[in-house]
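# Fold and geometry: a report
Residue strings, one per chain:
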Amino acid sequence: MSRIINNPDFVVEDMLKGYVKAHANLLAGTDNPRVLKYKNAPVEGKVGIVTGGGSGHKPAFIGYIGKNMCDAVAVGEIFSSPAAQAFFQAMKEADSGKGVACLYGNYAGDNMNVRMAVKMAKKEGILVKTVVANDDAASAPPEEAQRRRGVAGEVLMWKIAGAKAAMGAGLDEVIAAAQKAINNTRSVGIGTRPCTIPAVGHPNFTIEEGMMEVGIGHHGEPGVSVQPLKTADEIAKQMLEILLPDLPFHTGDEVVVLLSGLGATPVMEQYIVYNKVAEILDRKEIKVHRAYVGNYFTSLEMMGVTLTVMRLDEELKELIDMPAESVGLTQF
Amino acid sequence: MTFKNKDGIAIVESLITTIQANRDYLSEIDGKIGDGDHGINMNKGFTLCGARIKGREYNMSEALQVLSSTLLTDIGGSMGPLYGVFFEAMADASEGKEEIDAAIFGEMLQAALEEVQEIGNAKRGDKTLLDTLIPAVEAYSSALAEGMDFYTALVELKEAARTGWCSTEEMVARIGRASRLGERSRGVLDAGATSCYLMLHAMASAIQQLIR
């Protein structure tokens, strides 16, 4: 482990201090050192968008704070849910009186802490509704979709909900849009090398050299199979073979594609995979309305990629096209 | 057989030193089927609590309240809320009581168990801390019902907690991150069940010292 850190127990604290200094034009700290907010939050007359999750997934989660995106974000230890108090504080920072949509990923810790935070918010008269992302198609069979993890599809969920809220929609409409976004989104990951939590000092799972794990989770959760490493083209094909039948996506669909590196895979390789993804979708006459390629949702220095596809309707199309400004996603 | 709430601060101190001493052990167990950070996060929370109660004249209930709010505010993860509500329930059930007897401690345990069950949604056999906690609380209650004294009931509690903890080794995880491993989670102790055993053991032993 040749990491560039100070005290391994305080990497999150140290990172947050640097983050606020670097992006002071866009975001700010709060009374709770584990909560960052959009500099203009709460935005008058707008439903607040809140998320949160463990650290180590840069630019998620704090990278999606910004204009027409998230208003406040709770930050946890590496790969560990933020505390209930942090989620609660984020809800307070985001609420302009129109209520708060808390949009997060399906993990045991996050579920518990958000549930407690919603109770705390209710006591203070803040109305919070939630959507739990479960886009990882490889994490459980379709009939157990409620067990599936939330992964990079969360970025698209935040984009959609952030845009909906910015248009002046009420809380129920924002929640409905976020739920629609995640219901129409599927993701899958492939890992080729594990990652190490600095305070632990060694990887807590292994991927043998020359092998790849299909369906791996954002924290190294085991996937559906371990296979010899294939070419980028074959990987693209294999990931689509998992995703497309799961929703299912059909000929004639319009989609958004998000291809993210897991941290250590060069962006160059991500485009090599994307090339084949686009080719296969084109052949199936599935139209890519918009594509995002880059490190959108990582897992420290894990090597590998995740592929996310979201099916669009008119509403989702309008919302995904709206301008946004955040560290992780900016579009004009 | 009773102890004074104000002397009960020793129980919280014992919890803190126990977690600190087992930081690496808990992370090692967690690393086999989890992230490997259970000991690190627990140690961070309990050490922070230690600093917050140091030099203050807290009784047991107040110190448990500090421990609870530290876990809920600063730790997060799954263990923050689970142990947060656990200690909060114990603090609430003993608040305002000067003398803690066997019955009051039984109420503390029962309240703590109910809170953890409510928030965690796990059942016995899911390979979680409940597999330590449920048999421990049951053994303690039946010991009292059978007329055993406080000290002996705590012996029963420790034994049942240990048996329950060890039973998680052969279980397949059905909730939380390890559940994604399915059969691969068999053959390893559950980290939460382990920290729960260590804490119940530390608490019971500290009380035995106080009431002896």
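Residues numbered from 1 in each chain as written. Chains lettered and ligands numbered in written order. Predicted model: local features only at pLDDT ≥ 70, side-chain atom pairs only at ≥ 80, totals over all residues.

### What to know about the overall build of chain B
How we decide: Numbering of helices and strands starts at the N terminus; helices are DSSP runs of H or I of at least 4 residues and strands are runs of E of at least 2. Only C-alpha atoms enter the radius of gyration; for comparison, a globular chain is expected to reach 2.2 Å times N to the power 0.38, where N is the number of residues. Burial is judged by counting the other C-beta atoms within 10 Å of a residue's own C-beta: 20 or more makes it buried, 12 or fewer makes it exposed, and any count in between marks it as partly exposed, with every C-beta position built from the backbone. Contacts are defined on C-beta atoms placed from the backbone: any two residues whose C-beta positions lie within 7 Å are in contact.
If you tally the helices and strands in chain B, you get nine helices and two strands. Secondary structure of chain B in N-to-C order comes out as β-α-α-α-α-α-β-α-α-α-α. Here chain B has a C-alpha radius of gyration of 16 Å; the compact-globule value for 212 residues is 17 Å, and the two agree. Dimensions of chain B, computed from the C-alpha atoms along their principal axes, are close to 50 × 40 × 30 Å. Counting every position in chain B, which comprises 212 residues, the buried fraction comes to 61%. Taking all contacts inside chain B whose residues are at least 6 apart in sequence as the whole, residues at least 24 apart take part in 65%.

### Examining the interface of chain A and chain B
We apply this condition: Polar here means any residue other than Ala, Val, Leu, Ile, Met, Phe, Trp, Tyr, Cys and Pro, which are nonpolar, and Asp, Glu, Lys and Arg, which are charged; Gly is therefore polar.
With 26 residues of chain A at the interface, the matching set in chain B holds 25 residues. Secondary-structure elements contributing two or more residues to the side of chain A that touches chain B are strand E5 (72–78), helix H2 (84–94) and helix H3 (108–123) of chain A. It is H3(A) that contributes the most residues to the side of chain A that touches chain B, five residues altogether. Among the residues making up the side of chain A that touches chain B, the classes are represented as 13 nonpolar, ten polar and three charged.

### Digging into the sheet that holds strand E4 (residues 66–67) of chain A
All names here are of chain A. Inclusion rule: A pair of strands counts as paired when DSSP detects no fewer than two bridges linking them.
Within the open sheet, the three strands sit side by side as E4-E14-E15. Their pairing is antiparallel. The sheet is open, and its two edges are formed by E4 and strand E15 (330–331), each paired on a single side. Inspection of the sheet shows E4 paired to strand E14 (residues 324–326) by two bridges, in the antiparallel sense. From the neighbouring strand, lysine 67 faces E14, where its bridge partner is glutamate 325.

### What to know about the pairing of strand E11 (residues 254–261) of chain A
Residues in a regular strand point their side chains to alternate faces of the sheet. Residues and elements named next belong to chain A. As a reminder, the rule being used: Crossovers are marked right-handed if the path from the first strand over the helix to the second runs clockwise, as seen with the strands pointing away from the viewer.
In terms of residue burial, E11 counts as a mostly covered element, since seven of its eight residues are buried. As paired elements, E11 and strand E12 (residues 287–294) share seven bridges and run parallel to each other. Bridging across to E12, leucine 258 finds its partner in tyrosine 292. Read as a crossover between parallel neighbours, the route from E11 over helix H7 (residues 267–283) to E12 is right-handed. Here seven bridges tie E11 to strand E13 (residues 303–311), and the two strands are oriented antiparallel to one another. Residue pairing across strands places valine 257 opposite valine 309, the latter belonging to E13.

### Some points on unusual backbone geometry
Residues and elements named next belong to chain A. Following alanine 41, the chain continues into proline 42 via a peptide bond in cis, with omega recorded as -5°. The topology assignment puts proline 42 in the loop between strand E2 (35–38) and strand E3 (48–55). Looking along the chain, the bond that leaves alanine 60 and enters phenylalanine 61 is cis, with omega of 0°. Within the secondary structure, phenylalanine 61 is located in the loop between E3 and E4. In this structure, glutamate 285 takes a positive phi of about 60° despite not being glycine.

### A closer look at the nonpolar core
The test is simple: Any nonpolar core is a set of buried residues, restricted to Ala, Val, Leu, Ile, Met, Phe, Trp, Tyr and Cys, that join up through C-beta atoms within 7 Å.
Core analysis: the biggest nonpolar cluster contains 186 residues, and A:Met91, A:Ala101, A:Leu103, A:Met157, A:Ile160, A:Ala161 and A:Ala178 have the highest contact counts within it. Among the elements that make up this core, the one with the highest residue count is helix H9 (residues 191–211) of chain B (twelve residues).

### Examining the packing of helix H1 (residues 9–21) of chain B against H9(B)
All names here are of chain B. Short version of the rule: To define axes, lines are fitted to C-alpha atoms, for helices over the stretch in contact only, and angles between the resulting N-to-C directions are given on a 0 to 180 degree scale. Less than a right angle of anticlockwise turn of the near helix away from the far helix marks a crossing as left-handed, whereas a clockwise turn marks it as right-handed.
As a packed pair, H1 and H9 sit with axes 9 Å apart at the nearest point and diverge in direction by 145°. As H1 runs across H9, the sense of the crossing is right-handed. Side by side, H1 and H9 meet where Ala10, Ile11, Ser14, Leu15 and Thr18 of the first sit next to Leu198, Met199, Ala202, Met203, Ala206, Ile207 and Leu210 of the second.

### Side note on the pairing of strand E6 (residues 100–105) of chain A
All names here are of chain A. Here E6 lies mainly inside the structure; six of its six residues are buried. Residues of E6 alternate between two faces, with Val100, Cys102 and Tyr104 on one and Ala101, Leu103 and Gly105 on the opposite face, all of them buried. Note that E3 and E6 share three bridges and pair parallel. Residue pairing for E6: isoleucine 49 is matched across the bridge by alanine 101. At this point the chain moves from E6, through H3, to the parallel strand E7 (residues 128–133), and the crossover so formed is right-handed.

### Structural notes on the environment of B:Ile33
With respect to the helices, strands and loops of the structure, B:Ile33 is situated in helix H2 (residues 23–33). If near-sequence neighbours (up to four positions away) are discounted, B:Ile33 is found in contact with B:Ala173, B:Ala178, B:Leu181, B:Ser185 and B:Val188.

### A closer look at the sheet that holds strand E8 (residues 185–193) of chain A
Residue and element names in this part refer to chain A. Pairing in this open sheet of six strands is mixed, and the strands run E10-E9-E8-E13-E11-E12 from one edge to the other. In the strand order of this sheet, the two ends are held by strand E10 (225–228) and E12, each with one partner. Each strand of the sheet is rotated relative to its neighbour by a mean of 20°, with strand direction disregarded. Bridging between strand E9 (residues 211–214) and E10 involves four bridges; their strand directions are antiparallel. For methionine 211, the partnering residue across the bridge sits in E10 and is proline 228. Running over the sheet, helix H6 (residues 232–246) touches E8, E9 and E13 and is turned about 150° from E8.

### Things to note about the packing of H2(A) against H3(A)
Residue and element names in this part refer to chain A. The cut-off we apply is this: Angle categories are assigned with fixed cut-offs, so that under 35 degrees is roughly parallel, over 145 is roughly antiparallel, 65 to 115 is roughly perpendicular, and the rest are oblique.
Between H2 and H3, the shortest axis-to-axis distance is 8 Å and the interhelical angle comes to 50°. Put simply, H2 runs oblique to H3. Our pair here, H2 against H3, has a crossing hand that is right-handed. Facing H2, whose interface residues are Ala84, Phe87, Phe88 and Met91, H3 presents Asn113, Val114, Met116, Ala117, Met120 and Ala121.

### Observations concerning helix H3 (residues 38–53) of chain B
What counts is decided by this rule: How far a helix is expected to stretch is found by multiplying one less than its residue total by 1.5 Å.
For H3(B), built from 16 residues, the straight-helix expectation of 22 Å at 1.5 Å per residue is met to within 8% by its first-to-last C-alpha distance of 23 Å. Counting buried positions along H3(B) yields twelve of 16 residues, so the element is predominantly enclosed. Regarding H3(B), the residues found buried are B:His38, B:Gly39, B:Ile40, B:Asn41, B:Met42, B:Asn43, B:Lys44, B:Gly45, B:Phe46, B:Cys49, B:Gly50 and B:Ile53. Check the buried side of H3(B) and you find it contacts E5 of chain A together with H1, H2, helix H4 (60–75), helix H5 (79–94) and H9 of chain B. After H3(B) finishes, the residue B:Gly55 shows a positive phi value of roughly 80°.

### Structural notes on the environment of B:Asp190
All names here are of chain B. Within the element layout of this structure, aspartate 190 appears in the loop between helix H8 (150–167) and H9. Sequence separation of aspartate 190 and alanine 173 is 17 residues, and the distance between their C-alpha atoms is 8.3 Å. Ignoring any residue separated from it by four or fewer positions in sequence, one finds aspartate 190 in contact with Lys127, Thr128, Asp131 and Thr168.

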